[in-house]
Amino acid sequence: MTDLFHSAPSVREEPLPGGAHTSLILRKGQILRLTDIEGGANVSMMMLNPHEKSERLNLPDTLKGQHTARLTTGYCFYSDMGRVMAGIVADSCGWHDPFGGVLNAAETQEKYGAGRYQELRNGFYRNGVDNLLVEMGKWDLGLEDLLMVVNFFSKVTVDNQGRFGFSAGNSQAGDFVELYAPMDVLMVLTALPHPQDPATDYLPRPVQLSWYQADDMQVVSDAIANRGENQRALQNTQLFAL
């Protein structure tokens, strides 16, 4: 976890209930804090350029460019145009998963059971693909635009045989992660259990969204320009923003 690059109070607060979905544009120079309210949360997020939505988060380049298989403070999210869409500038959790994806309707039913609206009304079992598509439709995006997601608050390790292992208890109540935007970025997100979570009870956890204005954009950009790859990507971002 690093020092915070913003002052209180927040400029906006919004709860994201467990199972819910939302989308937003994080403006250049803003910081978005995601807070795990109860512990055990998972937030799946896509990122796109709101002004040219063909530019999207490229997770393979994000991982290869920074020589990592996990994301935490100091790591950036690269677009497929080699720009930094966002960077993690504070993190009390320490590990966020770029591999796990989201479940579709059939996979959700297989794991958790039917959970139909007819019986459960607003408590019905939602799935990641449909939740993301609902939000994407608000921005004139469809199934062909569905991307890989980052799963915040979840830790997934890989053993010597290449098998994934989910680490329960990675995030505790009050843990948070902060994302700084060096450019405007469209974020599409949903709060649902991680696909690798072995629990078979459908218990999506809520998170709190908090917006801040960075105190000094140059200082916070310097904090994520901690390797040559990030420096070059940030230079690309600055050229785009001119």
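Cut-offs and rules
- Residues numbered from 1 in each chain as written.
- Predicted model: local features only at pLDDT ≥ 70, side-chain atom pairs only at ≥ 80, totals over all residues.
- Heavy atoms only, no water.
- Helix = DSSP H or I, 4+ residues; strand = E, 2+ residues; numbered from the N terminus.
- Polar contact = N/O pair within 3.5 Å; in protein donor to acceptor, adjacent residues only side chain to side chain.
- Contact = heavy atoms within 4.5 Å.
- Disulfide = S-S within 2.5 Å.
- Buried < 20%, exposed > 50% of the residue type's maximum accessible area, 1.4 Å probe, protein only.
- Core = buried A, V, L, I, M, F, W, Y, C linked by side-chain atoms within 4.5 Å.

A. Structural detail: the side chain of N151. Relative to the elements of secondary structure, N151 occurs in strand β7 (residues 150–152). Polar contacts involving the side chain of N151 include one to the side chain of N42, which spans 3.1 Å. In terms of polar contacts, N151 uses its side chain to reach the side chain of S44, at 2.5 Å. In this view, N151 contacts N42, V43, S44, H96, D97, G100, G101 and H194; residues no more than four positions away in its chain are not counted.

B. Seen up close, the state of the cysteines. Within the structure shown, the criterion is met by 0 disulfides. Here C93 is not disulfide-linked; the sulfur of C76 is the nearest cysteine sulfur, at 18 Å. Of the residues examined, C93 reaches a relative accessible area of 13% and is grouped as buried.

C. Representation of the nonpolar core in the model. Of all hydrophobic cores here, the largest spans 32 residues; its most connected members are L34, M47, F77, F152, F153, L179 and M187. The leading source of residues in this core is strand β11 (residues 185–191), at 4 residues.

D. How the structure looks around the environment of Q213. Mapping Q213 onto the fold places it in strand β12 (residues 207–213). Separated by 34 residues in the primary sequence, Q213 and L179 have C-alpha atoms spaced 11 Å apart. Once residues within four sequence positions are removed from consideration, Q213 is found in contact with H6, G29 and Q30. For Q213, the side chain forms a polar contact with the main-chain oxygen of G29, separated by 3.0 Å.

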